[in-house]
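For reference, the chains in residue letters:
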Amino acid sequence: MKRLLLCLLCISTVKSLAVIDYDDEDSDSPPKVHVETVDARGHRPVDRRREPVPTLRPVSPPISKGGYQARPTKSPIRGQKKEQVVYSDAGGCRHASDQLGVLCPTGCELQTALLKQEKTVKSDIRDLQDKVHKQNEVSTSLYQYMNTLEDKLAKRQKQVKDNENVISQYNTEIERHYTYIRENMDNNIPSSLRVLRSVVDTLHKKIQKLENAIATQIDNCRTSCIVSCNIPVVSGKECEDIIRKGGDSSEMYLIQPDSFFKPYKVYCDMTTQNGGWTLIQNRQDGSVGFGRTWDAYKKGFGNIAKSGGKKYCDTPGEYWLGNDKISQLTKMGSTEVLIEMEDWNGDKLLAHYGGFTIQNEANKYQLSVSNYKGTAGDALMEGASQLYGENKTMTIHNGMFFSTFDRDNDGWVHADPRKQCSKEDGGGWWYNRCHSANPNGRYYWGGQYSWDMAKHGTDDGVVWMNWKGSWYSLKKMSMKIRPFFPQ
Ligand SMILES: *[C@@H]1O[C@H](CO)[C@@H](O)[C@H](O)[C@H]1NC(C)=O
């Protein structure tokens with residue numbers, strides 16, 4: 001049990017540690033409560049009493065000159081006593097002289113004697129009758145009393161018997177329960193304990209494994225990652241230039257767009273749609289946080305590429321090339337951008353813009369795109385397809401300036417400094433009020449997420465509304481550019 005509690009504690013600790021990111025200077029502000037959970041978000045509706053209707057920013061079309069030339073899970077007691085009545089003897093007649101003894105009585109003498117005696121006998125008889133009567137009464141009441149007692153006794157005996165039955169019944173039941181409990185003690189409890197113990201053991205082992213893995217990772221992080229891959233000898237101004245020079249494998253290359261820039265590393269996709277693509281943005285595993293400052297977006301961050309086992313960096317990392325570099329690359333001439341995305345089932349869609357130009361820092365890296373074609377929906381120029389009217393318009397990205405949580409250039413003009421698209425939506429981007437597409441948003445593992453998972457209750461995932469709506473964060477998203485040329 002203690003271990004389980006400890007384990008829960010570990011999990012909550014890890015959870016609380018995991019919330020450090022892009023807008024921490026602002027993390028004491030209470031999260032917003034939203035009633036609507038599944039509908040389209042993206043936009044920030046207008047409060048007409050206080051705000052003017054937002055308008056789009058004018059932007060000149062992307063550069064169209066200078067492209068390239070064509071290329072090849074819950075007895076009772078019974079008795080009666082009878083009284084014996086004893087009568088006394090009657091006397092005989094006497095002779096004149098006593099010495100003559102006693103003679104047989106004559107009739108008269110007999111009568112007199114009998115009469116004399118009769119008196120006493122009568123009274124005796126009365127007496128006796130009385131007594132008998134009384135005795136009779138007494139015995140009757142005794143008899144009754146006895147009967148009553150007898151009845152009571154019978155009842156008691158019955159009760160005793162009943163009680164005995166009940167007791168024995170209870171005894172049987174108790175015995176049954178005892179047997180049951182005993183069996184359970186002997187069999188089930190030890191086995192349940194065994195099961196629990198093994199569960200705890202397994203958990204313990206898992207925790208140990210995790211601890212080891214964490215320790216290993218901490219070790220690995222002591223020194224910064226060094227990518228050791230061979231960089232191909234072939235180089236160029238960007239990937240198209242390289243492929244034209246014979247660099248036809250997709251991997252990391254060194255490029256130097258013009259002689260005023262130091263040469264830098266970049267991943268070149270040399271297979272998709274004839275290759276020649278310079279990867280300027282890539283999301284694929286959430287390994288790199290995209291809630292970064294203006295300066296980080298300016299210079300670029302993340303990992304350009306890693307080795308997939310071979311001697312060269314053939315696998316792209318998660319990165320943002322850097323606004324200065326992107327601007328510079330797109331200003332060299334007519335540029336096209338290919339935005340590729342993949343959901344958690346492996347389905348893939350894409351959006352392609354034939355024209356793509358990013359202004360320089362002085363012009364807040366303003367975005368200009370044109371000529372959409374593709375399967376994902378034209379988020380950048382038309383806005384979210386789930387929204388209508390001005391709500392839709394405020395999700396258009398074309399013509400927007402670049403914003404980061406520390407530099408607000410979005411199309412949401414509000415007096416509250418917390419109401420900034422980049423602070424609410426998680427990344428640096430050409431936010432309007434706010435977005436239909438959020439490729440630099442927070443990475444949510446598994447795709448579906450909800451406002452209560454988001455830091456500010458807004459749809460801050462890696463979103464492309466026109467395909468999956470506001471509450472689905474894509475698994476992969478990448479942006480690659482190439483100088484335009486007639487195919
Ligand atoms: C814009 O969105 C708000 C709330 O999100 C809604 O009340 C309003 O009707 C929407 N306007 C249009 C034109 O769809």
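Source: prediction; values computed, not measured.

Asker: It is not clear to me how the site of the ligand should be interpreted in this structure. Could you clarify?
Answerer: Close contacts around the ligand come from His43, Pro45, Tyr388 and Asn391, and that covers them all. Between histidine 43 and the ligand, the recorded distance is 3.0 Å, taken from a side-chain N or O atom to an oxygen atom. Measuring from an oxygen atom of the ligand, one finds a side-chain N or O atom of asparagine 391 at 2.3 Å. Burial of the ligand by the surrounding chains reaches 42%, relative to a free accessible area of 360 Å². A class-by-class count of the residues in the shell around the ligand yields two nonpolar, two polar and no charged.

Asker: It is not clear to me how the environment of tryptophan 445 should be interpreted in this structure. Could you clarify?
Answerer: Residue placement: tryptophan 445 occurs in the loop between β13 (437-438) and β14 (463-464). A relative accessible area of 53% means that tryptophan 445 is categorised as exposed. Here the alpha-carbon distance between tryptophan 445 and tryptophan 344, two residues 101 residues apart in the chain, equals 8.8 Å.

Asker: Any chance you could explain a nonpolar patch on the surface here in plain terms?
Answerer: A contiguous nonpolar surface patch, about 520 Å² in accessible area, is contributed by Tyr180, Ile181, Met185, Ile189 and Leu193. At the level of elements, α2 (107-186) and α3 (188-222) are the ones that each hand at least two residues to the nonpolar patch. Among the elements that line the nonpolar patch, the one with the most residues is α2, at three residues. Turning to its location among the elements, tyrosine 180 is positioned in helix α2.

Asker: Just checking my understanding: could you explain the packing of aromatic side chains for this structure?
Answerer: Geometry of an aromatic ring pair is reported as the spacing of the ring centres plus the angle between the planes. If you walk through the whole model with that rule in mind, you get 17 aromatic pairs. Taken together, the aromatic side chains of Phe290, Trp294, Tyr297, Phe301, Trp320, Tyr365, Phe402, Trp429 and Trp430 make up a single cluster linked through ring pairs. Between arginine 244 and the ring centre of phenylalanine 485, over which it is positioned, the NZ or CZ distance is 4.9 Å. Here the basic side chain of arginine 482 rests over the ring of tryptophan 277, its NZ or CZ set 4.0 Å away from the ring centre.

Asker: Would you take a moment to explain the environment of glutamate 424 for this structure?
Answerer: Among the structural elements, glutamate 424 can be located in helix α9 (residues 421-425). For glutamate 424, a relative accessible area of 2% translates into the label buried. Counting along the chain gives 19 residues from glutamate 424 to phenylalanine 405, while the straight-line C-alpha distance between them is 8.4 Å. Among the polar contacts listed, one links the side chain of glutamate 424 to the side chain of arginine 44, at a separation of 3.1 Å.

What counts, and where the lines are drawn
- Sequence order sets the numbering: in each chain, residues are counted from 1 along the sequence as written.
- It should be noted that, the model being predicted, local features are given only for residues of pLDDT at least 70 and side-chain atom pairs only at 80 or more, the latter also being counted only at that level, while totals for whole chains, interfaces and linings use all residues.
- Side-chain measures here rest on the full set of heavy atoms in the structure, leaving out hydrogens and waters.
- Being near a molecule or strand, for a residue, means having at least one of its heavy atoms within 4 Å of it.
- A 3.5 Å cut-off defines polar contacts: any pair of N or O atoms within that distance qualifies, except that in protein one atom must be a possible hydrogen donor and the other a possible acceptor, and neighbouring residues in sequence count only when both atoms are side-chain atoms.
- Under the convention used here, a 1.4 Å probe and the Shrake-Rupley method define accessible areas, while residue burial counts only the protein chains that appear.
- Here the nonpolar group is Ala, Val, Leu, Ile, Met, Phe, Trp, Tyr, Cys and Pro; Asp, Glu, Lys and Arg are the charged ones; every other residue, Gly included, is treated as polar.
- Helix and strand definitions follow DSSP, with helices as H or I runs of at least four residues and strands as E runs of at least two, each counted in order from the N terminus.
- Remark: exposure states derive from per-residue accessible area (1.4 Å probe, protein chains only) relative to the maximum for the residue type, with buried under 20%, exposed over 50%, and partly exposed in between.
- Patches in this entry comprise residues that are over 30% relatively accessible and not in a salt bridge; like charges within 9 Å are linked, as are nonpolar side chains (Val, Leu, Ile, Met, Phe, Trp, Tyr) within 5 Å.
- One speaks of a salt bridge when a side-chain nitrogen belonging to Lys or Arg is within 4 Å of a carboxyl oxygen belonging to Asp or Glu.
- Here is the rule: rings of Phe, Tyr and Trp (six-membered ring for Trp) pair when centre to centre is within 6.5 Å. Planes less than 30 degrees apart are stacked, more than 60 are edge-to-face, and the remainder are tilted.
- Look at NZ for Lys and CZ for Arg. If either is within 6 Å of the ring centre and within 35 degrees of the ring normal, a charge sits over the ring.

The quantities given are spatial measurements derived from coordinates; they are silent on function.
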